[in-house]
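# Structural overview
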Amino acid sequence: MPRELRVEQAWTDVDDYIVGQLLPEAADFDFAIQASQTAGLPPIAVTAPQGKLLELLVRVHGARRILELGTLGGYSTLWLARALPPGGQIVTLESEPRHAEVARANIDRAGYSDAVEIRVGPALDTLLQLAAENAGPFDLIFIDADKENYPGYFDWSLKLSHPGTVIVGDNVVRDGAILRPDAPDPITGATGLIPGVRRFYELLADATAAGRVSATAIQTVGAKGYDGFVLAIVAS
Ligand code: SAH
Ligand code: DHB
Ligand code: MG
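Residue positions are counted from 1 within each chain, in the order its sequence is given. Working convention: letters from A go to chains and numbers from 1 go to ligands, in the order in which they are written. For this predicted model, a pLDDT threshold of at least 70 governs which residues receive local features, and a threshold of 80 or more governs which side-chain atom pairs are given and counted, while totals over whole chains, interfaces and linings are taken from all residues. Each side-chain value is worked out from all heavy atoms of the structure, with water and hydrogens disregarded.

### Some thoughts on the site of ligand 1
Close to ligand 1 lie 22 residues, the nearest being Gly70, Glu94, His99, Ala123 and Asp144. Here a polar contact means two N or O atoms within 3.5 Å. Within protein one must be a hydrogen donor candidate and the other an acceptor candidate, and residues neighboring in sequence count only if both atoms are side-chain atoms. Here an oxygen atom of ligand 1 sits 2.8 Å away from a polar atom, N or O, in the side chain of His99. In the complex, 89% of the free accessible area of ligand 1, which totals 580 Å², lies under the protein chains. Secondary structure elements are taken from DSSP: a helix is a run of H or I of four residues or more, a strand is a run of E of two residues or more, and numbering for both begins at the N terminus. Those elements that provide at least two residues to the shell around ligand 1 are α4 (75–82) and β2 (89–94). Its residues placed into classes, the shell around ligand 1 shows 11 nonpolar, six polar and five charged. If even one non-hydrogen atom of a residue comes within 4 Å of a molecule or strand, that residue is called near it. Only the protein chains shown count as cover for residues, with accessible areas throughout obtained via the Shrake-Rupley method and a probe of 1.4 Å. Residues were grouped as follows: Ala, Val, Leu, Ile, Met, Phe, Trp, Tyr, Cys and Pro as nonpolar; Asp, Glu, Lys and Arg as charged; and all remaining residues, including Gly, as polar.

As structure tokens, then:
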């Protein structure tokens, strides 16, 4: 996958500094990044500081049931899993069997096999199944699969939530391309991504106006370039 996202050297250097100062535990999960790379998975996992943010969000929220959309090699899953209390569970959805296989091995090796269920298939199909199984509600939902389907993922997230559920969405700034709906994605060159993420913002805006969520988006820079997270809480 071509990576044309602008990455300033200082952003990467500062990420390294942050990891060096604050994240001794990040080394525990380096093997998962290496295994993903060896297996030829794209290098698009969250960074260690971002993974730690996910961990801290789970902890401050006391989340016990987590839903993740987009597993890749399970790197973000490991950060989420680290934060779980005993008996906590993550269901993570991945359409690529090869990615799921790498993730399974990484999660098993880190000792979180019991806490993590990987469901292979297009997430929209799996979400329908999860709803039919009454698998919800989830306490925290991390949306990080294909950006074209973020609008659908947000709808499902609301259906699988309870008052207080935290929804986190990755990749909502894309080097500022979010302001240019007709521009191709700066990373993949594809055209469906930015409209998908903009529609996600519109649905969040509607849900905000209806009092269903309270949300913000935070722009980030780092080793993965200039991007951002949406953070929303489902209204009580
Ligand atoms: N959360 C991961 C990164 C996910 S990258 C981490 O930070 O470590 C996005 C993943 O979504 C890829 O593995 C891709 O195969 C998967 N994906 C793409 N389309 C999907 C779909 N329709 N359903 C489920 N997963 C999908
Ligand atoms: C890319 C980054 C991501 O975090 C993601 O979920 C998908 C793609 C990228 O940089 O290409
Ligand atoms: Mg992402």
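### Structural notes on the nonpolar core
It is characteristic of soluble globular proteins that their nonpolar side chains tend to be buried jointly. Grouped together as the largest cluster of nonpolar side chains are 33 residues, with contacts concentrated most on Leu67, Leu127 and Phe154. Elements represented by at least two residues in this core include exactly β1 (65–69), β2, α6 (123–132), β4 (140–143), α7 (150–159), α8 (193–209) and β7 (225–234). If sequence neighbours within four positions are ignored, Leu127 has contacts with Leu67, Leu69, Leu93, Tyr153, Trp156 and Leu160. In this structure, Phe31, Ala63, Trp79 and Leu140 belong to the second largest nonpolar core, which totals 31 residues. Among the buried residues, those of types Ala, Val, Leu, Ile, Met, Phe, Trp, Tyr and Cys that are joined through side-chain atoms within 4.5 Å form a nonpolar core. Accessibility here uses a 1.4 Å probe with only protein chains present; expressed as a share of the type maximum, an area under 20% marks a residue as buried, one over 50% as exposed, and anything in between as partly exposed. The criterion used for residue contact is that any of the two residues' heavy atoms lie within 4.5 Å.

### Side note on the pairing of β1
Judged by how many residues are buried, β1 sits mostly within the fold: four of five residues are covered. Crossovers are described as right-handed under a simple rule: with the strands pointing away from the observer, the path leading from the first strand over the helix to the second runs clockwise. Assessed by its sense of winding, the connection that carries the chain from β1 through α4 to β2 is right-handed. Note: β1 against β4, four bridges, orientation parallel. Note on β4: the bridge partner recorded for Leu67 is Ile141. A pair of strands is treated as paired once DSSP finds two or more bridges between them.

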